[in-house]
Each structure stands twice: as C-alpha cells, then as structure tokens.
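# Residue-level structure breakdown
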Amino acid sequence: MASPFNLDSANASRNYDYVRAGRYLVRLEEFRFGVNRAKLDYARFSFTVVDVLDPSEAAKDPKGPHRVGEKISWVLMANKDASAPNLKAALMSIMEAPAEEITDDFSKTAASDAQPLKGMFLVLDGSLQKMKSKEGVFTRISIKRRVLGVEVKKIVPQEVLQSLRLTDISDDESCPRRLGSGAGPPTYPKRRLHMRVNIYA
C-alpha cells in the first residue's frame, strides 16, 4: 500500500512558534523565501530568543512572553499589502541601511543558501493591536535594530549564552560563532556599526 503522506517530498517540521507580544533580544537563525501549500509566496525570519527585554506587552497575551531559548518565526505573506513595506523596514533595521539599498537583488542574496544574515543579534518587538475590520487583535512585529556583541555580553549572563551554545562573541560584530563549530562568523556588509547603550532604544 502506498503511503498517503508523500514523505519523499515533505520537509520535517521546524517546531518554531510564531512571534508573540513582547520585546526580545534574538539571534537570527535563518531568512528564507518560500511557497506554502496554497502556492502563496512568503518570507520567513527564524529566531532564537536570547533574552526577554520587556515582557509588559506580553502580559496582555494569554500565552505570555516567549522564553529564553525558544525558537520563533515571523512569516510575511507576499499577498498581503503590508508585507513588502514591513519586510523592507526589517531589512533596513538589520543592515542599518537606507531604503534605496534594500532591493529585490539584496533580498534574494540575503535569503540565499549562503545565509549572510545568520547569527546577527537583533531587538525584536511584538505589540498587540486591535483589528480595524473585525473584532480581535493581532501582533504587530518589527525589528528595532541590530545589537553588537559587546552589548549582548553585557545583557545576557555567560551561563545563559553557554546554555544556548553561543560563545566567542566578538565585541564589534553582531554575528557569533556556534560552540565547537570551528568556523568564523558569517560575513555581511559592515556599515555604521556603533555602540548604543540603551537596549530599549
């Protein structure tokens, strides 16, 4: 009897939860383009929560804030009007680059198998907003800024970084190395890197 699941072409589930309300320090694990079962295009950011910076907004969510070490994802559907502006704003914040530099070609490179953005530390914000067209709320997600390694080491206790298998974080880069990987951090265009003391900025 043939399998009804078509496992030959199926991808294993990633067990990533969708981003909930709150402000978090996260590590970018993957940025990809894809197509879902309904043949709709999407962009997906996948993160690991490194620290909970502000859980006050999450207090409004029945599920509460994410936990340190949790895997979360942000999916932007190409058929939604807000997705392209939100994606552009996110990449501008990640790269600290003006709008004209965030092009289709740039996004394709960022989403390629080379994964040049992987390993970057970011401030990720989720806020609950009321829907205009119907009752209910949704989570508005944004990437506030990139975080340098020197800040990460000041904010996150060393034992937490070790538990997340993140070590050898360079002070002037936001891309760490995985414990025992032996490989250096990924490369990406360096621009206007500077220390910001206020992590909530």
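First, a word on scope: everything that follows refers to the structure included in this document. (Residues numbered from 1 in each chain as written. Predicted model: local features only at pLDDT ≥ 70, side-chain atom pairs only at ≥ 80, totals over all residues. Heavy atoms only, no water.)

### A look at the packing of aromatic side chains
Operational definition: Any two rings among Phe, Tyr and Trp, with Trp reduced to its six-membered ring, count as a pair given centres within 6.5 Å; such a pair is stacked if its planes are under 30 degrees apart, edge-to-face if over 60, and tilted if neither. A helix here means a DSSP run of H or I that spans at least four residues, while a strand means a run of E at least two residues long, and both kinds are numbered starting from the N terminus. Burial classes follow relative accessibility: with a 1.4 Å probe on protein chains only, a residue under 20% of its type's maximum area counts as buried, one over 50% as exposed, and anything between as partly exposed.
In this structure the tally under the stated criterion is four aromatic pairs. With centroids separated by 5.5 Å and ring planes inclined at 25°, the aromatic side chains of F45 and W74 adopt a geometry described as stacked. Here F45, found in strand β3 (residues 41–54), pairs with W74, found in strand β4 (residues 71–77); they are 29 residues apart in sequence, far enough to count as distant. By relative accessible area, F45 is classed as buried at 0%. Joined through ring pairs, the aromatic side chains of F31, F33, F45, F47 and W74 make up one cluster.

### Details of the sheet that holds strand β6 (residues 137–147)
Quick reminder of the rule: A pair of strands is treated as paired once DSSP finds two or more bridges between them. Should any heavy atoms of two residues lie within 4.5 Å, those residues are counted as being in contact. Helix axes are fitted only over the stretch in contact, all axes being lines through C-alpha atoms; the angle between N-to-C directions runs from 0 to 180 degrees.
Pairing within the open sheet is mixed, and its six strands lie in the order β1-β4-β3-β2-β5-β6. Among the strands making up the open sheet, the edge pair consists of β1 (17–18) and β6. Bridging between strand β2 (residues 22–35) and β3 involves 12 bridges; their strand directions are antiparallel. From the neighbouring strand, R23 faces β3, where its bridge partner is D54. On top of the sheet, helix α1 (residues 83–95) reaches β2, β3, β4, β5 (121–130) and β6; it is set at about 25° to β6, its chief contact.

### Focus on the pairing of β6
Here β5 pairs with β6 via 10 bridges, running antiparallel. For L122, the partnering residue across the bridge sits in β6 and is R146. Hairpin remark: β5 followed by β6, antiparallel, with six residues in the connecting loop; positive phi at G136, about 125°.

### Remarks on the environment of V52
For V52, the location among the structural elements is in strand β3. V52 sits in the partly exposed class, given a relative accessible area of 25%. In this structure the C-alpha to C-alpha distance between V52 and H66, which are 14 residues apart in sequence, comes to 7.5 Å. Once residues lying within four places of it in the same chain are set aside, the contact partners of V52 are R23, Y24, H66 and V68.

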